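Overview (structure and organization)
Chain by chain, the residues run as shown.
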Amino acid sequence: MTKSIRAKITALGTYVPPRVLTNADLEKMVDTTNEWIMERVGIRERHLVDKGVAASDLAVEAVKNLLASHPFDLQQVDLIVVGTVTPDMMYPSTACLVQHKLGIVNTWGFDVSAGCSGFLFALNTGVKFVESGQYKKVLVIGSDVNSSMTDFTDRAVCIIFGDGAGAVLLEPAEDGEDGVIDHVAQIEGMGGQYLYMPGGGSLNPASHETVEQKMHYIHQDGRNVFKYAVKKMAEMTERILEKNKLTGKDVDCFIAHQANLRIITATADRLGMPMEKVIINIDRYGNTTAGTIPIAMRTAIEEGKLKKGDLVLLAAVGAGFTSGATLLRWAL
Ligand code: COA
């Protein structure tokens, strides 16, 4: 009988650009208030790139920070999977750009497009390559420059998003180590109508007309996205816990996608999870899409809420619709 291989996260690096946009700044740009944003969404400030900084740049900085805490020879990387919906350009893929900027010579890689579930989908993909025995070092990156597609005159959208990236290294777990235990994931394409960017693709190639009609910006029906996210986040987390004969009480650390504080607290309530086990950093970063979950892992470590051996539940819902949950034993 062949022995099954498990994957574990052996290093983490994150990066957010230094420029901060506060609610006070937004009050000067659109008809909104700090109170409304804090109460309805839970964001106080978000980080935004300067002109000329792209998703691959944030990804590279995240990998450099990973290397600073866990030095190893990048030439050993077998595979780079990048979750992003704000690639530097339609092609080449962000993975190719990241590989080139990091000077990794002999590797494979590709992008995964799954909106706010981008990091989870990329992680699950990387895990399968380690579990198959084919690869021993996989870089999984989530990176998004949401400000590149945000209409800063649309008050229901511009308050939500921030820019940021995170990277983890996946390697085979030791015998008897749990590592990444399980995942569930789903797509429901009917949700495409509620959160999308219509311009610049093959349906609506960029033109004066697409720009005039603001088709290069995020189009969001916030209320429908919110309703779906609350329902689906609960469904996916319950599904993975039941599948593994666990309950919310068994989880040491819950890291949910940070899109709206009310979505996270509703899910935690449903799982009967006390808030001290729930990671919240939306107030500082907003929704950084594929960057969110690794950045929240960093917050969890900094706040002493994530330690070696902890059972961690990750969950996300995003544009598509996409959704997923992953269960893992923290190994750092
Ligand atoms: N400041 C003040 N008022 C605002 C506002 C802002 N920034 N944004 C919207 N409003 C107003 C609306 O115009 C509306 O006014 P009206 O009743 O006069 O028409 C009112 O607030 C309520 O709008 P609604 O869309 O129902 O608000 P909401 O409570 O649902 O909050 C979101 C809006 C976008 C914050 C919320 O729907 C949300 O978080 N949705 C999920 C978005 C998400 O997660 N996206 C990422 C994908 S994972």
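Quick summary incoming for the structure in this document. (Residues numbered from 1 in each chain as written. Predicted model: local features only at pLDDT ≥ 70, side-chain atom pairs only at ≥ 80, totals over all residues. Heavy atoms only, no water.)

**Brief notes about the nonpolar core**
Within the largest apolar cluster, 40 residues are counted, with the highest numbers of intra-cluster contacts made by Ile159, Ile240, Leu241, Phe254, Met273, Leu313 and Ala325. Only α6 (155-158), α8 (222-243), β11 (253-256), α9 (261-271), β12 (311-318) and β13 (322-329) provide two or more residues apiece to this core. Here the element with the most residues in this core is α8; it accounts for seven residues. Taken together, domain 1 (7-172) and domain 2 (180-330) each give at least three residues to this core, which thus spans both. Grouped together as the second largest cluster of nonpolar side chains are 34 residues, Ile9, Leu12, Val112 and Tyr135 included. (Core = buried A, V, L, I, M, F, W, Y, C linked by side-chain atoms within 4.5 Å. Buried < 20%, exposed > 50% of the residue type's maximum accessible area, 1.4 Å probe, protein only. Helix = DSSP H or I, 4+ residues; strand = E, 2+ residues; numbered from the N terminus. Domains from an automatic or database assignment.)

**Quick look at the packing of α8 against α9**
Where α8 meets α9, the axes come as close as 9 Å, and the angle between the chain directions of the two elements is 35 degrees. Note that α8 runs across α9; the crossing there is right-handed. Taking contact as the criterion, the partners of Phe226, Ala229, Val230, Met233, Ala234, Thr237, Glu238 and Leu241 in α8 are, on α9, Arg262, Ile263, Ala266, Thr267, Arg270 and Leu271. Within the contact of α8 with α9, the residues separate by chemical class into nine nonpolar, two polar and three charged. (Axes fitted to C-alpha atoms, helices over the stretch in contact; angles between N-to-C directions. Left-handed = near helix turned anticlockwise from the far one by under 90°. Contact = heavy atoms within 4.5 Å. Nonpolar A, V, L, I, M, F, W, Y, C, P; charged D, E, K, R; others polar.)

**What to know about α9**
If you check which residues of α9 are buried, you get Ile263, Ile264, Thr267, Ala268 and Leu271. Down the axis, α9 shows its buried residues gathered within 130 degrees of arc, on one side only. Structural note: α9 exposes Asp269 and Arg270 on the side pointing more than 90 degrees away from its buried face. For α9, the elements touching its buried residues are α8, β11 and β12. Among the residues of α9, the N-terminal cap falls to Asn260, whose side-chain oxygen and the backbone nitrogen of Arg262 are separated by 2.8 Å. Gly272 lies just past α9 and shows a positive phi near 65 degrees. (Arc of directions from axis to C-beta. Polar contact = N/O pair within 3.5 Å; in protein donor to acceptor, adjacent residues only side chain to side chain.)

**Quick look at the site of the ligand**
Lining the immediate surroundings of the ligand are 21 residues, of which Thr32, Arg40, Arg155, Arg223 and Asn260 lie closest. Contact distances for the ligand include 2.6 Å between a nitrogen atom and a side-chain N or O atom of Thr32. Here Arg262 contributes a side-chain N or O atom positioned 3.5 Å from an oxygen atom of the ligand. About the coverage of the ligand: the protein hides 76% of its 950 Å² of free accessible area. At the level of secondary structure, the elements contributing two or more residues to the shell around the ligand comprise α2 (34-40), α6 and α8. It is α8 that provides the largest number of residues to the shell around the ligand, a total of four residues. Counting contributing residues, the shell around the ligand receives three or more from each of domain 1 (7-172) and domain 2 (180-330). (Near = heavy atom within 4 Å. Areas by Shrake-Rupley, 256 points an atom, 1.4 Å probe, with all protein chains shown as cover.)

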